[in-house]
Amino acid sequence: MADGTKDDPWVLKTAPGTSEYRMWREPEADTPALVCQVGSTTLRYHLRAIGDLEGWLMQQGDWVALGAADEQKTAAEGSVEAWGRDDANPVGGWYGLRKGYRGRFGMYLPPLLEELGVAELTHDPRNNRIRARTP
């Protein structure tokens, strides 16, 4: 497995397996960040999103829809995407750090949790779901 650094990023695929992207940690940033490079687009999320999402999935206790959506679109209620922008989550709102590019949390975080071995993810053409792995 990669180290999750800029020099050795995680190389991931979206849940349907249709797009490849890279992610790495930047703990030294002003706001510690998880960087997601999708082609020429760079998305940044709070680094704590990894542990926070894992904890939330454990609380859910079952499969949860990913619900990936751009920042300007409404996220499906109860989905990972909706939680990633909800005022009641641990950061009090958006996990995305770059205005205009704060969405797609439900697209890019779940495959990382699967890669890290803390979650299971479905890999269907559409409507994928995730759940925490039980110890």
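For the structure, see preceding data.
Basis of the calculations
- Residues numbered from 1 in each chain as written.
- Predicted model: local features only at pLDDT ≥ 70, side-chain atom pairs only at ≥ 80, totals over all residues.
- Heavy atoms only, no water.
- Helix = DSSP H or I, 4+ residues; strand = E, 2+ residues; numbered from the N terminus.
- Rg over C-alpha atoms; globule rule 2.2 N^0.38 Å.
- Buried < 20%, exposed > 50% of the residue type's maximum accessible area, 1.4 Å probe, protein only.
- Contact = heavy atoms within 4.5 Å.
- Lys, Arg positive; Asp, Glu negative; His and termini not counted.
- Charge placed at Lys NZ, Arg CZ, Asp CG, Glu CD.
- Phe/Tyr/Trp six-rings, centres within 6.5 Å; stacked < 30°, edge-to-face > 60°.
- Pairing = 2+ DSSP bridges.
- Axes fitted to C-alpha atoms, helices over the stretch in contact; angles between N-to-C directions.

Enquirer: Explain the overall build of the protein residue by residue, including any values.
Expert: Regarding its fold elements, the protein presents three helices and seven strands. Each helix (α) and strand (β) of the protein, taken in turn from the N terminus, gives the series β-β-β-β-α-β-α-α-β-β. Relative to a compact globule of 135 residues, whose C-alpha radius of gyration would be 14 Å, the protein shows 13 Å and is just as compact. For the protein, with 135 residues in total, the buried portion stands at 42%. Of the contacts formed within the protein by residues at least 6 apart in sequence, a portion of 46% connects residues at least 24 apart. Charge centroids of the protein, computed over 16 positive and 20 negative side chains, lie 5 Å from each other.

Enquirer: So what's going on with the packing of aromatic side chains? Which residues, and what values?
Expert: Applying the stated criterion across every chain yields a total of six aromatic pairs. Between Trp83 and Phe105, the ring centres sit 6.1 Å apart and the planes meet at 45 degrees, which makes this aromatic pair tilted. Here the residue Trp83 occupies a position in helix α2 (residues 80-83), and Phe105 occupies one in helix α3 (residues 105-115), the gap between them amounting to 22 residues. Members of the aromatic cluster, each reached through a chain of ring pairs, are Tyr45, Trp56, Trp83, Tyr95 and Phe105.

Enquirer: So what about the sheet that holds strand β6 (residues 119-121)? Which residues, and what values?
Expert: Pairing in this open sheet of three strands is antiparallel, and the strands run β5-β7-β6 from one edge to the other. This sheet does not close on itself; its edge strands, each paired only once, are β5 (64-65) and β6. As paired strands, β5 and strand β7 (residues 129-132) are joined by two bridges and run antiparallel to one another. Looking across to β7, one finds that Val64 is bridged to Ile130.

Enquirer: Describe the environment of Glu115, listing the residues and the values that go with them.
Expert: Along the chain, Glu115 falls in helix α3. Distance from Glu115 to Met1, taken between C-alpha atoms, is 8.2 Å for residues 114 residues apart in sequence. With residues near it in sequence (within four places) discarded, Glu115 still touches Met1, Trp10 and Leu12.

Enquirer: Run through the environment of Gly84, naming residues and quoting values.
Expert: Tracing the chain through its elements places Gly84 in the loop between α2 and α3. A C-alpha to C-alpha distance of 9.6 Å links Gly84 and Asp52, two positions 32 residues apart in sequence. With residues near it in sequence (within four places) discarded, Gly84 still touches Asn89, Gly93, Trp94, Tyr95 and Phe105.

Enquirer: Mind laying out the side chain of Glu26, listing which residues take part and the relevant values?
Expert: Among the secondary structure elements, Glu26 is positioned in strand β2 (residues 20-26). Once residues lying within four places of it in the same chain are set aside, the contact partners of Glu26 are Pro32, Ala33, Val35 and Arg44.

Enquirer: Which residues make up the sheet that holds strand β1 (residues 10-13), and what values go with them?
Expert: The strand order across the open sheet formed by four strands is β1-β2-β3-β4, and the pairing between neighbours is antiparallel. Looking at which strands have only one partner, the edges of the open sheet turn out to be β1 and β4 (41-46). Strand-to-strand, the axes of this sheet are offset by a mean angle of 30 degrees, without reference to chain direction. Here β2 runs beside strand β3 (residues 33-38); their pairing, made up of five bridges, is antiparallel.

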